[in-house]
Structures are given as structure tokens and as C-alpha cells.
Amino acid sequence: MVREKIKIKKIDNITARQVTFSKRRRGLFKKAEELAVLCDADVALIIFSAIGKLFEFTSSSFNTFQQIATAYIASPTPYLRTNLLEDKRLFTRLDDIEYWLGRMDTHLEQIEYHLGIPLPHDSDEDKAND
């Protein structure tokens, strides 16, 4: 049986769009992990959903996107540093992301403290879904 080729365009049905996003995101993360393992490559992947939720993957040699972005900026290879303006935007965006993630962690800790119970974190859900 041959798969039908789909036309790449925005999916109008919100539920179908979310399902497709979730499946393709998992597939992309799997491919990123395979690339890192098979080719001993340093891989980082960052995805924002339509509502702005952050999903990220980094290979084991990097713990955070800040580390991989710093390695990227410091790279002596010219083709990796073709657009310094984009590099600055990347760092600005990373700083913003880290700031808001820190704020969200603080708020989550406060909520957990007031409720007296630990709440599930995204990393816990992602591990359960895989």
C-alpha cells in the first residue's frame, strides 16, 4: 500500500492540528536523538507550540540551550556564524525564555507550597508519554 502524499498547508481543524503537532514533534525529537547517537553530534532542538508552550531537546553533551547557544556563538567555523544579528536575537530570546521559565518555576513552587502537594511537571509528563 502506498501512502498518499499530503499537501503541506495549515490544518484547519484545531483538534487534528494539535494531534499532528504532537505526533510530528515526538517524531522530530526521536530523529534528533538518533542523529546525536548515531553520528556523535551535538544536537539542540527548540519548538514553540501555537500557544507558546516550549518543547526542547538537547543531546547529552549539553544540559541547556544556553550552553549550546554559547558553543554556537563561540564556534570558529565561519558558516556557523553568518548572521550576527540573528545570533544576538537568539541570545535575547534565550534570555527571555530562561527568565520566564525561572518565573514559572518560582510560581509553581509557591503553588505546591500552598497546596502542600507536588504538582506534575512537563518533564514528568514527557517521560510518561514516551
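Keep in mind that this is a model prediction, so the values were computed, not measured. (Residues numbered from 1 in each chain as written. Predicted model: local features only at pLDDT ≥ 70, side-chain atom pairs only at ≥ 80, totals over all residues. Heavy atoms only, no water.)

Comments concerning the pattern of salt bridges
To keep it simple, the criterion reads: Salt bridge, as applied in this entry: a Lys or Arg side-chain nitrogen positioned within 4 Å of an Asp or Glu carboxyl oxygen. Per the convention used, a helix needs a DSSP run of H or I reaching at least four residues, while a strand needs a run of E reaching at least two, with both numbered from the N terminus. Three labels apply to residues, based on accessible area from a 1.4 Å probe with only protein chains included: buried if under 20% of the type maximum, exposed if over 50%, partly exposed otherwise in between.
Counted by the stated rule, this structure contains one salt bridge. Put simply, Glu34 and Lys31 hold a salt bridge, and the shortest N to O gap is 3.9 Å. Of the two residues, Glu34 and Lys31 are both situated in helix H1 (residues 14-39); the distance of three residues between them amounts to about one turn of the helix. By relative accessible area, Lys31 is classed as exposed at 56%.

Things to note about a nonpolar patch on the surface
Counted only if it meets this: For patch detection, residues must exceed 30% relative accessible area and be free of salt bridges, and they are connected within 9 Å for like charges or within 5 Å for nonpolar side chains (Val, Leu, Ile, Met, Phe, Trp, Tyr). Surface exposure here means Shrake-Rupley accessible area, sampled with a 1.4 Å probe, where a residue is shielded only by the protein chains that are shown.
Taken together, the side chains of Ile111, Leu115 and Ile117 present a nonpolar region at the surface, about 280 Å² in accessible area. As for its placement among the helices and strands, Leu115 is situated in helix H3 (residues 84-115). For Leu115, a relative accessible area of 52% translates into the label exposed.

With respect to the layout of surface pockets
Our working rule: Definitions used throughout: a 1 Å grid over protein atoms alone; a cavity as a set of points that fits a 1.4 Å probe which cannot get out; a pocket as an open set with protein on both sides within 12 Å along at least five of seven lines; a lining residue as one with an atom within 4 Å of a point. Grid points are joined across faces, edges and corners, and a volume is the space filled by probe spheres set on the points. Side-chain classes are defined by residue name, with Ala, Val, Leu, Ile, Met, Phe, Trp, Tyr, Cys and Pro counting as nonpolar, Asp, Glu, Lys and Arg as charged, and the others, Gly among them, as polar.
Put simply, the second largest pocket is a space of about 250 Å³. Forming the walls of the second largest pocket are Ile14, Arg17, Gln18, Thr20, Phe21, Arg24, Arg25, Ser49, Ala50 and Ile51. Considering only residue class, the lining of the second largest pocket consists of four nonpolar, three polar and three charged.

Concerning the side chain of Ser59
Put simply, the test is: In what follows, a contact means two residues having at least one pair of non-hydrogen atoms within 4.5 Å.
Structurally, the position occupied by Ser59 is in the loop between strand E2 (54-58) and helix H2 (65-74). Beyond its immediate chain neighbours, meaning those up to four positions away, Ser59 contacts Ala36, Ala41, Asp42 and Val43.

Quick look at the nonpolar core
A general tendency of soluble globular proteins is for nonpolar side chains to be buried together. For the record, the criterion: In these notes, a set of buried Ala, Val, Leu, Ile, Met, Phe, Trp, Tyr and Cys residues joined through side-chain atoms within 4.5 Å is what counts as a nonpolar core.
Residues Phe29, Ala32, Ala36, Val43, Leu45, Ile47, Phe55 and Phe57 constitute the largest nonpolar core, which totals eight residues. Of all the secondary structure elements, the ones that give two or more residues to this core are H1, strand E1 (44-48) and E2. The biggest single contributor to this core is H1, with three residues. The contact partners of Ala36, leaving out residues within four places of it in the chain, are Ala41, Val43 and Ser59. Core analysis: the second largest hydrophobic core is formed by five residues, Phe62, Ile68, Ala69 and Leu94 among them.

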